Amino acid sequence: MYQVPQVCDSIYYVGVNDRMKALFENMWSLPSGVAYNSYLIVDECTTLIDTVDVCYSDIFFHKLDLVLKGRPLDYLIVNHMEPDHGGSIGLLRKRYPQMQIVGNKKTFDMLRGFHGITEGLHEVKSGDALRIGRHEFSFLMAPMVHWPEVMFTYEQTSRTLFTADAFGAFGALDGILFDSQLADRSAYFREMRRYYATVIGKYGSFVQKALTNMQRQGLDVDFVCPTHGVVWTKEGFGEALALYERLSRFASEPGAVVLYGSMYGNTEQLADVIAQSLAAHGVEQVVCHNVSKSDPSVILSDIFRHRGLIIGSPTYCGELFSPIEHLLQLIRIRDVKDRLYAAFGSYTWAPGSVKRLLPFAEEMKWELVGEAVELKMSDLGTVLDAGWSLGQAMAERIKASCSPDSIQ
Ligand SMILES: Cc1cc2nc3c(=O)[nH]c(=O)nc-3n(C[C@H](O)[C@H](O)[C@H](O)COP(=O)(O)O)c2cc1C
Ligand SMILES: [Fe+2]
Ligand SMILES: [Fe+2]
């Protein structure tokens, strides 16, 4: 007989899988979909933690009905208001008009703005508690662990921490709920990093604060329940925490990304020379991305992973090739820290790309490595040695500056 999945005896998983949406936030690819997680705690009072994207509200309400069996919903705790989680709040309130909504001041401003809800609110601050019978919740503000209103909720009886987007990943839950059930753990961690780089990326310092706060509370945690991806068990969570700790510091592995644009293949040939040199000089992880073909979320994810970044662009109407300009903007707004950077480019009549790529080092406060290389038309022979030297200089800096520890 069908049973609604459970995190533990009193916590039901009532989230949904979205395998329809092509792009998360209309930007980031979803090859394996995404899950919007929501959790229902059944006690003297019934309490829901977060909702789902409004496109899935029908199936979501059906799941709630299966668990509630006619009981009303007493509380909704809102850890995050972004519409992938807050989208069904308006409809939920219509179904359960008596439901109290638990959140902080910033949550309530957004509740009014997104759903016109101004009543039936229960405001909480860090350290406040809410008892619903056997279960008691406490709240930990985690501002900017994606949005300003984000908070974590801890339930002490089940020792469960609900962490909004933190520790989440892209990918629907294919029949499973817990990290211990993952068939391919390293693929999962790759999707977790891609999620972090695209969605959380810029807010490393806030993630660090939230992690410190979590540790300071000394919470005894059996389950960590994010709003996307698997539920972490006590055994598996250490690895997720370690990844977050590294990502939030912009820590890197001793690899390099060669990111280039090319209309007719000249810049690409120079990219290949640099990549060969990197590998020949001992960089084991070299990833080349053609900006017009590679998935931008994968490019960002690789940039979050590797220490070296070498960017090349043809000159385009005196400027950078536009897709490279766009990628620079994606990197810029994430404020990626502490990378080794080098530039190369190409032109036919009036060079422009390299002089526009070079100031990016200073802007990002990155170390500029080697001599930038500029190719005129198809005359690759004249820049082979310069390209080789650039790759070598980068390889040497990567090896000298990276500790050998690595993340997945
Ligand atoms: C639409 C377009 C605009 C270009 N604008 C310039 C330019 O402003 N200055 C220049 O020196 N070369 C310009 N070029 C020439 C390219 O930068 C040059 O041919 C370069 O080698 C192209 O590299 P690729 O083969 O990697 O695409 C332009 C080429 C195209 C197709
Ligand atoms: Fe979010
Ligand atoms: Fe989310």
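Residues numbered from 1 in each chain as written. Chains lettered and ligands numbered in written order. Predicted model: local features only at pLDDT ≥ 70, side-chain atom pairs only at ≥ 80, totals over all residues. Heavy atoms only, no water.

### Structural notes on the nonpolar core
Thought 1: With 115 residues, the main nonpolar core has Leu64, Phe167, Met192, Trp232 and Ile331 as its most contacted residues.
Thought 2: Sort the elements by how many residues they give to this core and helix 5 (residues 185-200) lands first, with eight residues.
Thought 3: The residue makeup of this core includes at least three contributed by each of domain 1 (6-248) and domain 2 (253-396).
Thought 4: Excluding its chain neighbours within four sequence positions, the residues that come into contact with Trp232 are Phe167, Asp179, Arg185, Tyr188, Phe189, Met192, Asp222, Phe223, Val224, Pro226, Phe237 and Ala240.
Thought 5: Among the nonpolar cores identified, the runner-up in size contains 23 residues, and Leu278, Ile310, Ala342 and Ile398 belong to it. (Core = buried A, V, L, I, M, F, W, Y, C linked by side-chain atoms within 4.5 Å. Buried < 20%, exposed > 50% of the residue type's maximum accessible area, 1.4 Å probe, protein only. Helix = DSSP H or I, 4+ residues; strand = E, 2+ residues; numbered from the N terminus. Domains from an automatic or database assignment. Contact = heavy atoms within 4.5 Å.)

### Some remarks on the domain arrangement of the chain
Put simply, an interface is often sized by how much accessible area is lost when its parts join up.
Thought 1: The domain architecture assigned to the chain consists of domain 1 (6-248) and domain 2 (253-396).
Thought 2: For domain 1 and domain 2, the distance between their C-alpha centroids amounts to 38 Å.
Thought 3: Every contact between the two is made by 12 residues of domain 1 and, on the other side, 12 residues of domain 2.
Thought 4: A buried area of about 1100 Å², summed over both sides, lies between domain 1 and domain 2, and 56% of it is on carbon and sulfur atoms.
Thought 5: Of all residues in domain 1, the largest losses of buried area upon contact with domain 2 belong to Trp28, Arg193 and Ala197, amounting jointly to 44% of the total for that side.
Thought 6: Linking domain 1 to domain 2 there are zero salt bridges.
Thought 7: The interface formed by domain 1 and domain 2 includes five residue pairs in polar contact (both at pLDDT 80 or more).
Thought 8: Of all the elements in the fold, those that place two or more residues in the side of domain 1 that touches domain 2 are strand 5 (28-29), helix 5 and helix 7 (234-248).
Thought 9: Here the element with the most residues in the side of domain 1 that touches domain 2 is helix 5; it accounts for six residues.
Thought 10: A per-class count over the side of domain 1 that touches domain 2 returns four nonpolar, three polar and five charged. (Buried area = accessible area lost by both parts, 1.4 Å probe. Salt bridge = Lys/Arg side-chain N within 4 Å of Asp/Glu carboxyl O. Polar contact = N/O pair within 3.5 Å; in protein donor to acceptor, adjacent residues only side chain to side chain. Nonpolar A, V, L, I, M, F, W, Y, C, P; charged D, E, K, R; others polar.)

### Focus: the sheet that holds strand 12 (residues 129-131)
Thought 1: Pairing in this open sheet of six strands is mixed, and the strands run 12-13-14-15-16-17 from one edge to the other. Because the sheet does not close on itself, it has two edges, and the strands there are strand 12 and strand 17 (232-233).
Thought 2: Bridge analysis of strand 15 (residues 160-162) against strand 16 (residues 223-225) gives three bridges, and the strand direction is parallel. Bridging across to strand 16, Thr160 finds its partner in Phe223.
Thought 3: This element, helix 6 (residues 204-217), spans strand 13 (136-141), strand 14 (151-155) and strand 15 of the sheet and lies at about 140° to strand 13. (Pairing = 2+ DSSP bridges. Axes fitted to C-alpha atoms, helices over the stretch in contact; angles between N-to-C directions.)

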